[in-house]
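Examining the three-dimensional arrangement
Take a look at the letters that make up each chain.
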Amino acid sequence: MAPPPEHTIYACATAPGRAGIAVVRISGPRAGDVFAAFGLGRPAARRLQLARLRAEGDVVDLGMAAWFPAPGSFTGEDVAELHLHGSQAVLAAVLTVLGRIPGFRLAEPGEFTRRAFENRKLDLTEAEAVADLVAAETAAQRRQALRQLAGELGALYEGWRHRLLQALARQEALIDFPDEDLPDSIFSAVRADVGTLIAEISGHLADNHRGQRVREGLAIAILGPPNAGKSSLLNALARREMAITSPIPGTTRDVIEAHLDLGGYAVTVSDTAGLRPSEDIVEAEGVRRAQARGEAADLRILMLDGSRPEQMHPLLRELIDPDTLVVANKIDLAGDPAWADGLGAGPALRLSLQTGAGLEALVARLTAEIAGRFDTAGAPLITRARHRAALEECVGALARSLEADLPELAAEDLRLAVRSLGRITGRVDVEDMLDLIFREFCIGK
Ligand SMILES: Nc1nc2c(ncn2[C@@H]2O[C@H](COP(=O)(O)OP(=O)(O)OP(=O)(O)O)[C@@H](O)[C@H]2O)c(=O)[nH]1
Ligand SMILES: [Mg+2]
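We now turn to the structure provided with this report. (Residues numbered from 1 in each chain as written. Chains lettered and ligands numbered in written order. Predicted model: local features only at pLDDT ≥ 70, side-chain atom pairs only at ≥ 80, totals over all residues. Heavy atoms only, no water.)

This part takes up empty space enclosed by the protein. In this structure the tally under the stated criterion is 1 cavity of 30 Å³ or more. What lines the largest cavity is simply Q144, R147, Q148, L153, T376, A379, P380, L381 and T383. Broken down by element, the lining of the largest cavity gets its largest block of residues, 3 residues, from helix α5 (residues 139-149). By residue class, the composition of the lining of the largest cavity is 4 nonpolar, 4 polar and 1 charged. (1 Å grid on protein atoms, 1.4 Å probe; cavity = no way out; pocket = protein on both sides within 12 Å on 5 of 7 lines; lining within 4 Å. Points joined across faces, edges and corners; volume = space filled by probe spheres on them. Helix = DSSP H or I, 4+ residues; strand = E, 2+ residues; numbered from the N terminus. Nonpolar A, V, L, I, M, F, W, Y, C, P; charged D, E, K, R; others polar.)

This is how it looks when you write it as structure tokens:
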């Protein structure tokens, strides 16, 4: 447990600017002093109480005050909250008074959550979930952050860590009591447990980066020949004129990105330069960027002018794979777009950005593709590269432990594996836990 903090910290918990309400949070050993500083009595625990805040004979605001005594608060410390009118003048006056109370200082970014972690109110995955929930822009991001905040991911990793600690305790018993009659079954039980853990963690890792993509946003690239209507599609999806469109082929040179909410998922749609061989160095660079963006995308839209079969060339054919949606645009023009049907997995989607026909169906199809690929309803998913790196390290160490020639080396690898898992939740107290389990194990023997 961390030593008790010396300072009581305070900060405005709501966004700056004019608002109906602003909430100032105060946490730390002297948080209770805040009430006297404003001429208030201490409110009953966890009840909002009307508060006439006074300072230097002046009424600063008519607001509300709340008191959350330790440990039943967000940080686990004594916490006070002042619910004020959200004006700059009120906030400035209140913050000035707070700054003068002995032992008080302004909180650093993330300091409330850090204290909550140090007081074991949250593990690291839950602290990350608080940040994700605050940043969530779409329904999928909100759902994922809430599940993580509820501890689903942390519980999964803690469960694995416990099982690993048990395997490690057995492995250490093999080292410490080599002459005693430890049954052979202990040796095989450790190996079996480690094998099962490798399989479970590897399965969790093979998630197609779904959790991370939901959190960071999915990438969709619009690719195709010049003049097919790629920029027009970006504008239609974004519902504003983001990219220049014109009848001149080769209008777009750079990649243009729009951040959108498609069916509750955060997506970044990239409009790209039309793909064609070009002598023009600027256009050639645009084509190179378009191809790179296409390769990195989770989903590609191959946008074709449905009225012009002759535009199809090898550069475009190379783009088509199961993650490519073929769209035949300009169906308002003469010409049957059926030629585009054989290109992708199913028939090409018909679209006219001129009339709007097919746009709704395209959005529905995109949403369905995204939901199908990135469904997050099942087991909790890895949401950060940090988790992934630690899990990969853990599996690597487990695999090495199975190959180790000496029980001591196997134990060392198991220890590394436990630490990797512990780093994800911030529970790195390997030795304490091991002592506990080890004692239990020896008694049980
Ligand atoms: N008739 C018709 N014209 C369209 C349609 N969609 C786009 N256009 C027109 O086609 C031309 C090219 O559209 P853009 O969106 O600029 O095409 P692009 O694929 O971005 O072209 P580049 O940037 O040159 O690669 C513009 O004049 C659009 O107004 C459509 O469905 N029907
Ligand atoms: Mg364009």
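It is worth spelling out the packing of helix α13 (residues 385-403) against helix α14 (residues 407-425) at this point. Contact geometry for α13 and α14: axes closest at 8 Å, N-to-C directions at 165°. The angle between the axes of α13 and α14 places the two elements in the roughly antiparallel class. α14 is crossed by α13, and the crossing has left-handed handedness. Contact residues: R386, H387, A390, L391, E393, C394, A397, L398, R400 and S401 in α13; A410, D413, L414, L416, A417, S420, L421, R423 and I424 in α14. Classifying every residue of the contact of α13 with α14 gives 11 nonpolar, 3 polar and 5 charged. (Axes fitted to C-alpha atoms, helices over the stretch in contact; angles between N-to-C directions. Parallel < 35°, antiparallel > 145°, perpendicular 65-115°, else oblique. Left-handed = near helix turned anticlockwise from the far one by under 90°. Contact = heavy atoms within 4.5 Å.)

Next up on the list: α14. Its 19 residues place the ends of α14 28 Å apart at the C-alpha level, agreeing with the 27 Å of an ideal helix rising 1.5 Å per residue. Within α14, the full set of buried residues consists of A410, A411, D413, L414, R415, A417, V418, S420, L421, G422, I424 and T425. Positive backbone phi, approximately 85°, marks G426, located one or two places after α14. (Expected span 1.5 Å × (residues − 1). Buried < 20%, exposed > 50% of the residue type's maximum accessible area, 1.4 Å probe, protein only.)

Moving on, we come to the layout of surface pockets. Its boundaries defined by the atoms lining it, the largest pocket holds a volume of some 440 Å³. In this structure, the largest pocket is lined by 26 residues; those nearest its centre are N227, G229, S232, S246 and K330. For the lining of the largest pocket, the element with the highest residue contribution is helix α9 (residues 230-238), accounting for 3 residues. For the second largest pocket, the lining is made up of 15 residues, of which A13, R25, G110, F112 and T113 are closest to its centre. Of all the elements in the fold, those that place two or more residues in the lining of the second largest pocket are β1 (8-12), α3 (111-118) and α4 (124-135).

Within the fold, H209 resides in the loop between α7 (184-205) and α8 (210-216). A relative accessible area of 36% places H209 in the partly exposed class. Sequence separation between H209 and T383 is 174 residues; the distance between their C-alpha atoms is 8.0 Å. Polar side-chain contacts of H209 include one of 3.4 Å to the side chain of R388. (Polar contact = N/O pair within 3.5 Å; in protein donor to acceptor, adjacent residues only side chain to side chain.)

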